[in-house]
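# Structural features, examined
The lines below spell out each chain.
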There are 2 protein chains.
Amino acid sequence: MSAIARRILLAGLLGLAFAGTVAQSASAQSDPLPSWNDGATKASILDFVARVTTQGGPFFVPVEQRIATFDNDGTLWIEQPMYVQLAFALDRVKALAPMHPEWKTKQPFAAVLDGDLKALAASGEKGLVELFAATHAGMTTAEFEKIVTDWLATARDPRFKRPYTELVYQPMLELLVYLRANGFKTFITSGGGIEFMRPWTERIYGIPPEQVIGSSIKTRFEMRDAVPVLFRLPDINFIDDKAGKPVGINEHIGRRPIAAFGNSDGDLEMLQWATLGASGARFGLIVHHTDAEREYAYDRKSHVGKLDVALDAAAVNKWTVVDMKKDWKRIFTFE
Amino acid sequence: MSAIARRILLAGLLGLAFAGTVAQSASAQSDPLPSWNDGATKASILDFVARVTTQGGPFFVPVEQRIATFDNDGTLWIEQPMYVQLAFALDRVKALAPMHPEWKTKQPFAAVLDGDLKALAASGEKGLVELFAATHAGMTTAEFEKIVTDWLATARDPRFKRPYTELVYQPMLELLVYLRANGFKTFITSGGGIEFMRPWTERIYGIPPEQVIGSSIKTRFEMRDAVPVLFRLPDINFIDDKAGKPVGINEHIGRRPIAAFGNSDGDLEMLQWATLGASGARFGLIVHHTDAEREYAYDRKSHVGKLDVALDAAAVNKWTVVDMKKDWKRIFTFE
């Protein structure tokens, strides 16, 4: 769990930032992207979609090849002050603690129970792997799905005091709908856990489980009293981050996307895979978090969602960079 | 490559069987399955589809949950006298031999070049892994796709003297179309190589690459002169056979199929995963090869496509068993 463990660990150490939310109205009847302000960013999206859908045009792409891949954390929903999945893991430790009295004195669990993120960090990668094994493995896939679903129904983001599934970006939801209306198949390809996302992506994003790609642990098929189950094992199967994203995309989709959407250095290789060295129109987009007031502002020096080399690559490769503050009329659905 | 290596190895040792083909006419206008003879087998398919698509009925299944998974070798196309992928590997050794003079005296390559399947068998699993590494790895995914496509365009089955892509079962093609017309999403889940199937499954079966699940080797993302590639490594990533099939289905689809179609013991766990311990209407089907004249007849004692415990399980679990000779009016498209 090294790559994911490290990024989640670092994320956990960030303090919580607080700021007020700004409600904004949106939507122009015939505009497919009403939460996007007019300008070069929005125009680049509309232009790309027009090109690849214009039959007989030089950039026309047949429907079956209209594949678009989206990162999740920081691209479709919030990732500050810590990845939602880390918040889940910490809450699970607290929920399971009564069954594990030994955790009171055993790291990394004691650190979580004491709310001591500094001590959690001190337990290192080994500690975080233990944390994930204790909270993500040791149950069937059906049981884990229920645990995730139940948690999301009650957990609240510390700043916005809302369910995490409401902290998705309204402009990106519109973009997903717009692309699908133009024949695109939309996929998630996230460093986060595939089974952590699947219970809710269809309801929230309109993306079915078979179009979700993510990191995973191994599972084992078993027959239990004539009932088949998949049991979740505490072993890494695949890390869908950085150079792993094109690998995961190839394994799940089997063709190159013609459009990719991310927000951090973890998405660099996915953007390269989608846009470089290929013929025809291609589209890469990076969500740059520039709005500390309405959401968060972070990039090159952030521990979570670090955007540095990918930002430089965007300039070189002519990827669209969303300036959240300037380009998004509205950020969340509830505004 | 142990599991797959063993079954392919055994398959390679079988002699070639010869028999004449029987041309048959087919198709009744309004019948969605014209190549299936009337009877209990065909009725069970029609009945299942009617149940899950009858809105308001007790067995109605929403469209997004209509997932059907199909084995490939022996279920959708021919697998005798040896898996097509093994024929491909043997041909590749011959094609690459001029660049490898050392192969003339080195096993398992010498055995392949001499056409000595007995010596190939003697090289064991280790030999077969070397064979696959030499023919399936060491190139980019795009290069491998071209190699497979070019080979399929010229290779001919030894008995029917036709391209392998014509040796697909007409009744199963009709079944795929029928299920899709009824809102099903059809997937392949094969022990064969995922990248060996994807170049042609969309054209032949109407199944796009993103709905193909199979065994795979690892790949590595690389930027080569600003062009991204995935390089195929000689290391096993996943074996999609037996208890691996539910694991692969879960990883790729993320929900349980409501119908599964196979032909051998390698499909047992997939059929269990699709049909047992779940509510609602479920459908399992096994293609039993019973027609030595028009195709092949094999089951409990066959080295390739062995059907033994799954045949017993079919009786217990009320899975439909296709008696190819009796149930299929027509076997191949060209008849």
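See the structure printed just above.
Residues numbered from 1 in each chain as written. Chains lettered and ligands numbered in written order. Predicted model: local features only at pLDDT ≥ 70, side-chain atom pairs only at ≥ 80, totals over all residues. Heavy atoms only, no water.

## Side note on the overall build of chain A
Across its full length, chain A holds 13 helices and 7 strands. Seen along its three principal axes, the alpha-carbon backbone of chain A occupies a region of about 65 × 50 × 35 Å. Among the 335 residues that make up chain A, the fraction classed as buried is 59%. Contacts spanning at least 24 positions in sequence make up 69% of the contacts within chain A whose residues lie at least 6 apart. (Helix = DSSP H or I, 4+ residues; strand = E, 2+ residues; numbered from the N terminus. Buried < 20%, exposed > 50% of the residue type's maximum accessible area, 1.4 Å probe, protein only. Contact = heavy atoms within 4.5 Å.)

## Focus on the interface of chain B and chain A
Across the contact, 38 residues belong to chain B and 38 residues belong to chain A. Taken together, the two surfaces of chain B and chain A that pack against each other cover about 3000 Å², and 52% of this comes from carbon and sulfur. Contact with chain A buries area across many residues of chain B, yet E210, F221 and E251 of chain B alone supply 21% of it, more than any other trio. Counting across the chain B and chain A interface gives 6 salt bridges. Across the salt bridge formed by E210 of chain A and R255 of chain B, the nearest N and O atoms sit 3.2 Å from each other. At the surface where chain B touches chain A, the tally comes to 20 residue pairs in polar contact (both at pLDDT 80 or more). Residue assignment for the side of chain B that touches chain A shows that the elements contributing at least two residues are β2 (185-193), α9 (194-205), β3 (212-224), β4 (227-238), α10 (244-252) and α11 (268-275) of chain B. Partitioned by chemical class, the residues of the side of chain B that touches chain A number 18 nonpolar, 10 polar and 10 charged. (Buried area = accessible area lost by both parts, 1.4 Å probe. Salt bridge = Lys/Arg side-chain N within 4 Å of Asp/Glu carboxyl O. Polar contact = N/O pair within 3.5 Å; in protein donor to acceptor, adjacent residues only side chain to side chain. Nonpolar A, V, L, I, M, F, W, Y, C, P; charged D, E, K, R; others polar.)

## Observations regarding the relation of the copies chain B and chain A
Between the two copies of the chain lies a rotation about an axis combined with a shift along it. Each copy superposes on the other: chain B lies on chain A with an RMSD of 0.0 Å after a rotation of 180° and an axial shift of 0.0 Å. In the structure described here, the two chain copies are related by an operation that fits a two-fold rotation axis. Across chain B, the rotation axis passes nearest the C-alpha of H252 of chain B, at a separation of 3.2 Å. Here 100% of the contact residues of chain B are again contact residues in chain A; the copies associate through an equivalent surface. (Least-squares fit on C-alpha atoms with pLDDT ≥ 70 in both.)

## Observations concerning the packing of aromatic side chains
The final tally for this structure, using the stated rule, is 38 aromatic pairs over all chains. Taking the centre distance of 5.4 Å and the plane angle of 15° together, the rings of W151 of chain A and Y164 of chain A count as stacked. Within this pair, whereas W151 of chain A is found in helix α7 (residues 141-154), its partner Y164 of chain A is found in the loop between α7 and α8 (170-181), the two being separated by 13 residues in sequence. Taken as a pair, W151 of chain A and Y164 of chain A share a single burial class, namely buried. Measuring from centroid to centroid gives 6.3 Å for W151 of chain B and F196 of chain B, while their planes differ by 45°, and the two rings are tilted. Taken together, the residues W151 of chain B in helix α7 (residues 141-154) and F196 of chain B in helix α9 connect sequence positions 45 residues apart. W151 of chain B sits in the buried class, given a relative accessible area of 9%. Look at F196 of chain B and you get buried, because its relative accessible area is 3%. One aromatic cluster is present, built from ring pairs that chain together W36, F160, Y169, W328, F332 and F334 of chain A. Stacked on the ring of Y296 of chain B, the Lys or Arg R159 of chain B has its end atom at 4.7 Å from the ring centre. A cation over an aromatic ring shows up here: R232 of chain B above the ring of F144 of chain B, its NZ or CZ 3.9 Å from the ring centre. (Phe/Tyr/Trp six-rings, centres within 6.5 Å; stacked < 30°, edge-to-face > 60°. Lys NZ or Arg CZ within 6 Å of the ring centre and 35° of its normal.)

## What about the pattern of salt bridges?
All names here are of chain A. With the rule as written, the count across this model stands at 36 salt bridges over all chains. The partner of D267 in a salt bridge is K245, with the nearest N and O atoms 2.6 Å apart. With D267 in the loop between β5 (259-262) and α11 (268-275) and K245 in helix α10 (residues 244-252), this residue pair connects regions lying 22 residues apart in the sequence. Judged by its relative accessible area of 1%, D267 is buried. Taking relative accessible area as the criterion, K245 reaches 1% and is therefore assigned buried.

## Considerations on the environment of A297 of chain A
All names here are of chain A. Along the chain, the position of A297 falls in the loop between β6 (283-288) and α12 (309-317). On the basis of relative accessible area, A297 is assigned to the partly exposed category, the value being 47%. As for A297 and R51, which are separated by 246 residues in sequence, their C-alpha atoms are 33 Å apart. If sequence neighbours within four positions are ignored, A297 has contacts with H289, T290, D291 and A292.

## Description of the sheet that holds β4 of chain B
All names here are of chain B. Taken together, the 7 strands give an open sheet; going across it, the order is β4-β3-β2-β1-β5-β6-β7, and neighbouring strands pair in mixed fashion. A strand with exactly one partner marks an edge of an open sheet, and here the two such strands are β4 and β7 (320-323). If you compare each strand with its neighbour and ignore which way they point, the axes differ by 30° on average. With 4 bridges connecting them, strand β1 (residues 67-70) and β2 associate as parallel partners. Opposite F70, over in β2, you have I188 as the bridge partner. On the sheet, helix α8 (residues 170-181) packs against β1, β2, β5 (259-262) and β6 (283-288) and is oriented at approximately 165° with respect to β1. (Pairing = 2+ DSSP bridges. Axes fitted to C-alpha atoms, helices over the stretch in contact; angles between N-to-C directions.)

## As for the packing of helix α3 (residues 84-96) of chain A against helix α6 (residues 124-136) of chain A
Residue and element names in this part refer to chain A. At a minimum axis separation of 9 Å, α3 and α6 run at an interaxial angle of 70°. Here α6 runs roughly perpendicular to α3, going by the angle between their axes. Here α3 and α6 pass one another in a crossing that is left-handed. Between α3 and α6, the residues in contact are Q85, L86, F88, A89, L90, R92, V93 and L96 and L131, F132, A134, T135 and H136, respectively. (Parallel < 35°, antiparallel > 145°, perpendicular 65-115°, else oblique. Left-handed = near helix turned anticlockwise from the far one by under 90°.)

## Considering the pairing of β3 of chain B
All names here are of chain B. The sheet contact formed by β2 and β3 spans 3 bridges and is parallel. Its bridge partner lying in β3, T189 is registered against I213. Where β3 and β4 come together, 8 bridges link them in antiparallel fashion. When the bridges of β4 are listed, T219 appears paired with R232. Between the end of β3 and the start of β4, which pair antiparallel, lie 2 residues, with D225 showing a positive phi angle near 50°.

## Structural notes on the packing of α7 of chain B against α9 of chain B
Residues and elements named next belong to chain B. At a closest axis distance of 9 Å, the pairing of α7 and α9 adopts a crossing angle of 65°. The crossing of α7 and α9 is right-handed. Contact residues: α7 offers T141, F144, E145, V148, T149, W151 and L152, while α9 offers E195, F196, P199 and W200. Within the contact of α7 with α9, the residues separate by chemical class into 7 nonpolar, 2 polar and 2 charged.

## Examining the nonpolar core
Counting 73 residues, the largest nonpolar core has M172, L175, Y205 and F261 of chain B as the members making the most contacts within it. Each residue touching F261 of chain B, except ones within four places of it in the same chain, is listed here: A68, T69, F70, D71, T75, M172, L175, L179, M270, F283 and L285 of chain B. With 72 residues, the next largest nonpolar core counts A68, F88, L179 and I331 of chain A among its residues. (Core = buried A, V, L, I, M, F, W, Y, C linked by side-chain atoms within 4.5 Å.)

## A few points about α11 of chain B
Residues and elements named next belong to chain B. Burial within α11 is extensive, with 8 of its 8 residues counted as buried. Within the span of α11, buried status applies to L268, E269, M270, L271, Q272, W273, A274 and T275. In the stretch just after α11, G277 is the one whose phi turns positive, near 65°.

## What about the sheet that holds strand β3 (residues 212-224) of chain A?
All names here are of chain A. Judged by pairing direction, the sheet is mixed, and its 7 strands sit side by side in the order β4-β3-β2-β1-β5-β6-β7 without closing on themselves. Edge positions in the sheet fall to β4 (227-238) and β7 (320-323), since each of these pairs with one other strand and no more. With direction set aside, neighbouring strand axes in the sheet form an average angle of 30°. Two elements, strand β1 (residues 67-70) and β5, share 3 bridges in a ladder whose sense is parallel. Note that in β5 the partner of T69 across the bridge is A260. Strands β1, β2 (185-193), β5 and β6 of the sheet are contacted by α8, whose axis makes an angle of about 165° with β1.

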